[in-house]
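Here is what each chain is made of, one letter per residue.
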Amino acid sequence: MPIPISALFGRSPIRPIQEHMAKAQLCVIILGDFLEASFAKDWQKAETLQQAIRAAENEADDLKSNVRSHLPKSLLLPVPRTDLLQLLSIQDRLANTAKDVAGLMLGRRMEIPDSLHKLMKRHYQLSLRTSEQALQGINELSELLETGFRGKEVDLVEKLIDDLDAIEHKSDLSQITLRAELYKLEASLPPVDVMFLYKVISWIGKIADISEKIGSRLLILLAR
Amino acid sequence: MSEIISQYGMIFLVMACLFGFFMAWGVGANDVANAMGTSVGAKAITIKQAILIAIVFEFAGAYLAGGDVTSTIRSGIIDIEKAGFSDSPELLVYGMLSSLLAAGIWLLIASNYGWPVSTTHSIIGAIVGFAVVGISPDAVVWSQVGSIVASWVVSPMCSGILAFYIFRSVQKLILDTDEPFLNAKKYVPLYIFLVGFVIGMVTLVKGLRHVRLEITFSQSAAYAVGIGVVVMVGGMLMLRRIKLVPAQHGTFHIASVEKVFGVLMIFTACSMAFAHGSNDVANAIGPLAAVAGIVSSGGVFVGESALPVWILLLGGIGIVVGLVTWGYKVMATIGRNITELTPSRGFAAELAAATIVVVASGTGIPVSTTHTLVGAVLGVGLARGIGAINLNVVGKIFLSWVVTLPVGALLSILFFFLFRGIFS
């Protein structure tokens, strides 16, 4: 028997969106182990890790469609519904990009020249940090809901996003350095490998870009 | 002296008691749960505590502040002179019996399907229905009916606006500050004071007339402040036991802050039960009061008279029985389902709704507690306080009274002719 007052309350999308973000960010975390395995040329381990990323990405997809189907137009939400849906699809790209990097590298058994390992690791670390920062911002959504998207908590999130932007900028710079180093080696490597190496570098950089976009979406949510 | 009244008086009275009890049972089984469910859902009180609060404060509300609503129902909607009740008072008895039965049955059907109907709308629809068809359209005091219907639109709107600003004040004073926990402990007593003051004020200004307590407005205000202070001190004693627990992450102590609001919600739950008692309970027993008045005077219509205590007792017991037999389950369901409404929101909604309902009771206007509460929840939602509100359900709730009026009217017309056929 449905009761009017309890039927009044819909399911808040905030928690599922946070769960989705955590899952998407997990893909980025596993990507780090995957890169290590590929540096060590341990392709068996790399394959297991790539499958772990795929599994996490699948779970994120399920979470995404679940949120979407529970977000009808008839819900009164504290933030615009379209902004939430866009946030969700940007988060989803985070998982997809991590999956793409792992898929491409595993498929081509891509070996990154030893001299680039250190820079590559740093490049990845910066992307990882932006994604962590974005996750932290998304996790603040529950506090934002508690304070009614106002006041001090908003300042806190704005500060968080500022930091995120700063790390993303570092990631841009590291991408430039990495490319310059690769350029020096170019002639000594098979051309097709080089092409795809550039691609992997840019995709890993994309993780930082997407994380930054998540941050700016979050700011749009707050500004009304 | 009417012959029919003197012949069947006792039977009428017994029927009125039965139907009135049935109606009160329905109110207790369903309506009370709607009014108190938010407190249970926010985990501020347990179901057992909710039932205890309901028993005490529904009764207090009906007795202390329900008099004007009862008299509106028994003698404000139908023009006794124009309806010719002085010559044939039995018609009013049939009508009131039919109204009780119609409203009670409709509530039972609606509750069974989970339709959000209101006791108030059912009973007003039923009374207007039998009066228009059974007697004549002139018998109805349309200006009164008009203002009642208008209040059904105005009361949810007012409580929505009030809830919006109450929640805004909570944000400004407590949630958006550097020390939400300390500020919660500092300002929550003020809200508790408000709860005590509002209820005290309405009770003193409007309710206590039938207890023959003659005091001026400013005296009432002074006493109400006193009541508010007493309640506030009680609240402060309870608040002292709440300690800060370390935050899970970040600097914001959600759990501790909400615990402070949980204490506040115990008070707003009481005010909600009081408001509900003063309005819904009073209008459920209004027809019973009308029948009892006619029967005891042997058919002479007595306009304004004190509400006999036994009628209130009957209504109160009916509600308690309804709560214990059925309302218990409804409240458990609500408690499980409302997880999105935390105490800091629930209290704002309850305080706003209770204030509007109690003020309406004070002016003798029967409004719907459920609808007023829904308006208040929407107000908090518009202040960006609630994760998600189902606007479909809001639409259904506000549409339900459009359906309830004709159904209540139709049923009561049916019973009216049935009773007239049997007894006259």
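Here the structure is a predicted model, which is why all the values come from computation and not from measurement.

Rules and cut-offs
- Residues numbered from 1 in each chain as written.
- Chains lettered and ligands numbered in written order.
- Predicted model: local features only at pLDDT ≥ 70, side-chain atom pairs only at ≥ 80, totals over all residues.
- Heavy atoms only, no water.
- Helix = DSSP H or I, 4+ residues; strand = E, 2+ residues; numbered from the N terminus.
- Rg over C-alpha atoms; globule rule 2.2 N^0.38 Å.
- Buried < 20%, exposed > 50% of the residue type's maximum accessible area, 1.4 Å probe, protein only.
- Contact = heavy atoms within 4.5 Å.
- Areas by Shrake-Rupley, 256 points an atom, 1.4 Å probe, with all protein chains shown as cover.
- Lys, Arg positive; Asp, Glu negative; His and termini not counted.
- Charge placed at Lys NZ, Arg CZ, Asp CG, Glu CD.
- Salt bridge = Lys/Arg side-chain N within 4 Å of Asp/Glu carboxyl O.
- Axes fitted to C-alpha atoms, helices over the stretch in contact; angles between N-to-C directions.
- Parallel < 35°, antiparallel > 145°, perpendicular 65-115°, else oblique.
- Left-handed = near helix turned anticlockwise from the far one by under 90°.
- Nonpolar A, V, L, I, M, F, W, Y, C, P; charged D, E, K, R; others polar.
- Core = buried A, V, L, I, M, F, W, Y, C linked by side-chain atoms within 4.5 Å.
- Buried area = accessible area lost by both parts, 1.4 Å probe.
- Polar contact = N/O pair within 3.5 Å; in protein donor to acceptor, adjacent residues only side chain to side chain.
- Patch = residues over 30% accessible without salt bridge, like charges linked within 9 Å, V, L, I, M, F, W, Y side chains within 5 Å.
- pLDDT = per-residue confidence, 0-100.
- 1 Å grid on protein atoms, 1.4 Å probe; cavity = no way out; pocket = protein on both sides within 12 Å on 5 of 7 lines; lining within 4 Å.
- Points joined across faces, edges and corners; volume = space filled by probe spheres on them.

### Digging into the overall build of chain B
The secondary structure content of chain B amounts to 14 helices and 1 strand. A globule of 424 residues ought to have a C-alpha radius of gyration of about 22 Å, and chain B, at 22 Å, matches this closely. Put simply, chain B has 424 residues, and 61% of those count as buried. The long-range share in chain B, meaning contacts at least 24 apart out of those at least 6 apart in sequence, stands at 83%. Of the roughly 15,900 Å² of accessible surface on chain B, a fraction of 69% belongs to carbon and sulfur atoms. Seen as two clouds, the 21 positive and the 18 negative side-chain charges of chain B have centres 15 Å apart.

### Section: the overall build of chain A
For chain A, the count of helices and strands is 8 helices and 1 strand. The order of helices and strands in chain A, counted from the N terminus, is α-α-α-β-α-α-α-α-α. If you line up chain A on its principal axes, its C-alpha atoms span 70 × 40 × 20 Å. Taken across its 224 residues, chain A has 52% of its residues classed as buried. About 9,700 Å² of surface is accessible on chain A, with carbon and sulfur atoms providing 53% of the total. Chain A carries 29 positive and 31 negative side-chain charges, and their two centres are separated by 3 Å.

### Looking at the environment of B:I77
Residues and elements named next belong to chain B. Within the secondary structure layout, I77 lies in the loop between α3 (67-76) and α4 (80-83). I77 sits 281 residues away from V358 along the chain, and the two C-alpha atoms are 20 Å apart. Discounting residues that sit within four places of it in the chain, I77 has contacts with T72, I124, I127, V128, A139, V140, V141, V145 and I148.

### Things to note about the environment of B:G346
All names here are of chain B. Among the structural elements, G346 can be located in helix α12 (residues 343-362). The exposure class of G346 is buried, given its relative accessible area of 0%. Once the C-alpha coordinates of G346 and G395 are considered, the two residues, 49 residues apart in sequence, prove to be 21 Å apart. With near-sequence residues (within four places) excluded, G346 lies in contact with M265 and L341.

### Some thoughts on the pattern of salt bridges
Residue and element names in this part refer to chain A. If you walk through the whole model with that rule in mind, you get 11 salt bridges over all chains. One salt bridge connects K184 with E181, and the closest N-O pair in it is separated by 3.0 Å. Taken together, the residues K184 and E181, both in helix α7 (residues 152-185) and 3 residues apart, mark about one turn of the helix. For K184, a relative accessible area of 61% corresponds to the exposed category. Residues joined in a network through salt bridges with shared partners are D61, K64 and D92.

### Considerations on the environment of B:Y94
Residues and elements named next belong to chain B. The topology assignment puts Y94 in helix α5 (residues 90-113). Residues Y94 and R420, spaced 326 residues apart in sequence, show a C-alpha to C-alpha distance of 6.6 Å. With sequence-adjacent residues up to four places away left out, Y94 is seen in contact with I4, F12, F416, F419, R420, F423 and S424.

### Quick look at the packing of helix α2 (residues 47-65) of chain B against helix α11 (residues 309-337) of chain B
Residue and element names in this part refer to chain B. Between α2 and α11, the least distance of the axes is 10 Å, while the angle of their chain directions is 155°. As summarised for this structure, α2 and α11 are arranged roughly antiparallel, according to the angle between their axes. Regarding α2 and α11, the two cross each other, and that crossing is right-handed. Along its contact with α2, which presents I47, A50, I51, A54, I55, E58, F59, A62 and Y63, the element α11 presents V309, L312, L313, G316, I319, V320, L323, Y328, M331 and A332. A per-class count over the contact of α2 with α11 returns 17 nonpolar, 1 polar and 1 charged.

### Quick look at unusual backbone geometry
All names here are of chain A. For R109, which is not glycine, the phi dihedral falls at a positive 45°. Relative to the helices and strands, R109 resides in the loop between α4 (81-107) and α5 (117-139). Residue R109 is classed as partly exposed on the basis of its relative accessible area, which comes to 43%. A positive phi angle is found at F149, which is not glycine, with a value near 55°. Tracing the backbone shows F149 in the loop between α6 (141-146) and α7. What makes F149 buried here is its relative accessible area of 3%.

### What about the nonpolar core?
Ranked by size, the top nonpolar core spans 142 residues in total, and within it B:F12, B:M36, B:I77, B:I78, B:F261, B:F347 and B:F419 carry the most contacts. If near-sequence neighbours (up to four positions away) are discounted, B:F419 is found in contact with B:M15, B:F19, B:Y94, B:L97, B:S98, B:L101 and B:S424.

### Points about the interface of chain B and chain A
Each side of the interface is counted separately: chain B has 51 residues, and chain A has 36 residues. Roughly 3,700 Å² of surface becomes buried between chain B and chain A when both sides are summed, with 60% attributable to carbon and sulfur atoms. Applying the counting criterion to the chain B and chain A interface returns 2 salt bridges. In this structure, B:R345 engages A:E146 in a salt bridge whose closest nitrogen and oxygen atoms are separated by 3.7 Å. Connecting chain B to chain A are 12 residue pairs in polar contact (both at pLDDT 80 or more).

### Quick notes on a nonpolar patch on the surface
A surface patch of nonpolar side chains, amounting to about 300 Å² of accessible area, comprises B:V225, B:V229, B:V233 and B:L237. Within the fold, B:V225 resides in helix α9 (residues 217-239).

### Looking at the side chain of B:S159
Residues and elements named next belong to chain B. Mapped onto the elements, S159 comes out in helix α7 (residues 142-175). Within the structure, the side chain of S159 is placed 3.4 Å from the backbone nitrogen of A376, a separation counted as a polar contact. Beyond its immediate chain neighbours, meaning those up to four positions away, S159 contacts A352, A353, I356, T372, G375 and A376.

### Focus: a positive patch on the surface
Residue and element names in this part refer to chain A. Together, R93, K199, K206 and K213 line one region of the surface with positive charge. Broken down by element, the residue count for the positive patch peaks at 3 residues, all from helix α8 (residues 191-222). Relative to the assigned elements, K206 resides in helix α8. On the basis of relative accessible area, K206 is assigned to the partly exposed category, the value being 34%.

### Considerations on the confidence of the model for chain B
Mean pLDDT over chain B: 86, with 94% of residues reaching 70 or higher. For this predicted complex, the interface confidence comes out at an ipTM of 0.85, alongside a pTM of 0.89.

### Examining empty space enclosed by the protein
Residues and elements named next belong to chain B. Enumeration over the complete set of coordinates arrives at 4 cavities of 30 Å³ or more. In this structure, the largest cavity occupies an estimated 80 Å³ of space. Together, 12 residues line the largest cavity, and N30, D31, L107, S111 and V117 are the ones closest to its centre. At 5 residues, the largest contribution of residues to the lining of the largest cavity is made by helix α1 (residues 3-41). For the lining of the largest cavity, a count of residues per class yields 6 nonpolar, 5 polar and 1 charged. Here the second largest cavity defines a volume of roughly 50 Å³. The wall of the second largest cavity is formed by A54, I55, E58, F59, A62, V281, G316, I319 and V320. Elements with a contribution of two residues or more to the lining of the second largest cavity: α2 and α11.

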